[in-house]
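# Structure assessment
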Amino acid sequence: MDRNQSRRQVAAMKQSLFDQGLLDEQFIQLEELQDDANPNFVEEIVTLHYRDSSRLITSIEQALKERNPLDFNKLDTLMHQFKGSSSSIGAKKVKAECNLFREYCRAGSAEGCMRSFQQLKREYAALRKKLEAYFQLARQAGPQETACRSK
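Residues numbered from 1 in each chain as written. Predicted model: local features only at pLDDT ≥ 70, side-chain atom pairs only at ≥ 80, totals over all residues. Heavy atoms only, no water.

An unreviewed UniProt entry annotates the protein as Histidine-containing phosphotransfer protein originating from Sphenostylis stenocarpa. As stated in UniProt under Function (unreviewed entry), the record for the protein gives "Functions as a two-component phosphorelay mediators between cytokinin sensor histidine kinases and response regulators (B-type ARRs). Plays an important role in propagating cytokinin signal transduction." (UniProt positions renumbered as here; feature names shortened; annotations may be inferred.)

Feature annotation in UniProt places "domain: HPt" (unreviewed entry) on residues 38-134, given in this structure's numbering. Helix makes up 86% of residues 38-134 and strand 0%, whereas the separation of the span's terminal C-alpha atoms amounts to 18 Å. (Helix = DSSP H or I, 4+ residues; strand = E, 2+ residues; numbered from the N terminus.)

With that settled, consider the side chain of His49. With respect to the secondary-structure elements, His49 resides in helix H3 (residues 41-65). Assessed through its relative accessible area of 4%, His49 is described here as buried. (Buried < 20%, exposed > 50% of the residue type's maximum accessible area, 1.4 Å probe, protein only.)

End to end, helix H5 (residues 92-107) covers 23 Å across 16 residues, agreeing with the expected 22 Å (1.5 Å per residue, within 8%). By the burial criterion, the buried members of H5 are Val94, Glu97, Cys98, Phe101, Arg102 and Cys105. One side of H5 carries all its buried residues, which in axial view fall inside an arc of 145°. Turned more than 90 degrees away from the buried face of H5, the exposed residues are Arg106 and Ala107. The inward-facing, buried residues of H5 contact H3, helix H4 (72-88) and helix H6 (110-141). Positioned one or two residues after H5, Gly108 has a phi angle of 70°, which is positive. (Expected span 1.5 Å × (residues − 1). Arc of directions from axis to C-beta. Contact = heavy atoms within 4.5 Å.)

Helix packing for two helices is described by the angle between their axes and how far apart those axes are. Between H3 and H4, the shortest axis-to-axis distance is 10 Å and the interhelical angle comes to 160°. When the axis of H3 is compared with that of H4, the two are roughly antiparallel. Handedness of the H3/H4 crossing: left-handed. Listed contacts from H4 to His49, Ser53, Leu56, Ile57, Ser59, Ile60, Ala63 and Leu64 of H3 are Lys74, Leu75, Leu78, Met79, Gln81, Phe82, Ser85 and Ser86. Partitioning the contact of H3 with H4 into residue classes produces nine nonpolar, six polar and one charged. (Axes fitted to C-alpha atoms, helices over the stretch in contact; angles between N-to-C directions. Parallel < 35°, antiparallel > 145°, perpendicular 65-115°, else oblique. Left-handed = near helix turned anticlockwise from the far one by under 90°. Nonpolar A, V, L, I, M, F, W, Y, C, P; charged D, E, K, R; others polar.)

Turning our eyes to something else, we now look at the nonpolar core. In terms of nonpolar packing, the biggest core is built from 39 residues, with Phe27, Phe82, Phe101 and Leu131 touching the most fellow members. At the level of secondary structure, the elements contributing two or more residues to this core comprise helix H1 (3-19), helix H2 (25-33), H3, H4, H5 and H6. It is H6 that contributes the most residues to this core, 11 residues altogether. In contact with Phe82, not counting residues within four places along its chain, are Ser53, Leu56, Ile57, Val94, Cys98, Leu120 and Tyr124. (Core = buried A, V, L, I, M, F, W, Y, C linked by side-chain atoms within 4.5 Å.)

As structure tokens, this is what we get:
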């Protein structure tokens with residue numbers, strides 16, 4: 001496969017992540033910070049996000065197991081941190097699920113929190129898998145596919 005065809009595939013894959021509502025403009029802003037001096041900047045930021053956020057997921061899981069009663073303030077604080085981290089990479093669906101979880105915390109709904117958290121973990125895992133495939137394809141295509149969202 002030639003380089004131009006590879007780059008078109010990368011652009012199409014990225015566009016599909018936007019079309020599916022998985023990413024928002026924050027991802028483009030990250031790409032705009034990437035340059036020749038740091039050609040893997042976005043991938044490194046996303047990798048750090050997933051490393052750090054896995055710790056938060058574990059903390060939220062533990063807090064959800066501590067019933068009698070649930071500490072909704074603690075859950076809300078942990079989810080606020082998770083939302084901030086997800087927002088920083090443009091994880092649109094994950095961020096929306098974080099907002100829903102926090103609404104359930106404010107309403108004191110343990111069942112809502114549990115359902116929302118399960119959905120959040122699905123969205124988180126799906127985005128991770130798709131971003132890993134995207135970055136792998138981008139590495140194969142070589143430098144240049146940055147900061148330009150195809151219309």
